[in-house]
Structures are given as structure tokens and as C-alpha cells.
Amino acid sequence: MNTDKKLIGIRIMQRRKDKGLTQEQLAEQLDMSKNHISSIECGKYMPTTKFIMSLCDVLGGTPDYYLVGTPSDTTDKISELVSQLPEQKQRIILKLLETYLDEFCSD
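Residues numbered from 1 in each chain as written. Predicted model: local features only at pLDDT ≥ 70, side-chain atom pairs only at ≥ 80, totals over all residues. Heavy atoms only, no water.

### With respect to the nonpolar core
And step 1. By size, the foremost hydrophobic cluster in this structure holds 15 residues, and its most contacted members are Ile-12, Phe-51, Leu-55 and Tyr-66.
And step 2. For this core, the elements supplying multiple residues, two or more each, are helix H1 (5-18), helix H2 (23-30), helix H3 (34-41), helix H4 (49-59) and helix H5 (63-68).
And step 3. Sorting elements by how many residues they give to this core places H4 first, with 5 residues.
And step 4. Apart from residues lying up to four places away in sequence, Leu-55 is in contact with Ile-12, Leu-26, Leu-30, Gly-60 and Tyr-66. (Core = buried A, V, L, I, M, F, W, Y, C linked by side-chain atoms within 4.5 Å. Buried < 20%, exposed > 50% of the residue type's maximum accessible area, 1.4 Å probe, protein only. Helix = DSSP H or I, 4+ residues; strand = E, 2+ residues; numbered from the N terminus. Contact = heavy atoms within 4.5 Å.)

### Here we look at the confidence of the model for the protein chain
And step 1. When pLDDT is averaged along the protein chain, the result is 87, and 90% of the positions lie at 70 or above.
And step 2. Of all helices and strands in the protein chain, the one with the weakest mean pLDDT is helix H6 (residues 73-83) (79), whereas H2 scores best (96). (pLDDT = per-residue confidence, 0-100.)

Structure follows, in C-alpha cells:
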């Protein structure tokens, strides 16, 4: 299984925001620095098993949610639409999404 640090970070960020927590508040609850939380959310570091288990206690969810995610109908629809494009256009979409996520992650 190929795990994507950036996607894991995005799932953590989304769950944190859904719970109405700032990075500082989450860091305090996990007894970590805000910078470490930020680095994980931005996909710079792969979270440890201990971190994921603590995260589940604080934010809820299961380790598999954070590590592999749960596909949704929207995910399936996006995949279907992109798969209909020629490979060159798929690469452009990928670059656009990566650029968007880089900006989105600088929260």
C-alpha cells in the first residue's frame, strides 16, 4: 500500500477544522508543538502510529480513515470525469490540484 503523506495531512486538517480546533489547540491536546502539527498537515512528515492513535482519541475517527481515507460519491465522480480525459490533460489536472493543495495547506 502506498500512503500519501499529503493526503493524510489533509484528512487530519479537515477533521481538525470540522471539530472547530486550531492547530494550536490540537497541539496542546496532543502535547506537541503547533509546528509539528503544521508539518504533518502539510505532508512534510508521516505521522507515527502513536500520533494517529492519539489523534483518534482527540478528533475521533479510526486510523484507517486518516491513513487511507474513505472514498465518497464525489471522489468517485471526480475520478470518473478525470479518467475520461487524455493523459496529457490528466497531468495538467494533477498539477492544478497539487498547486491548489500547496496553497490550501499554508493555513
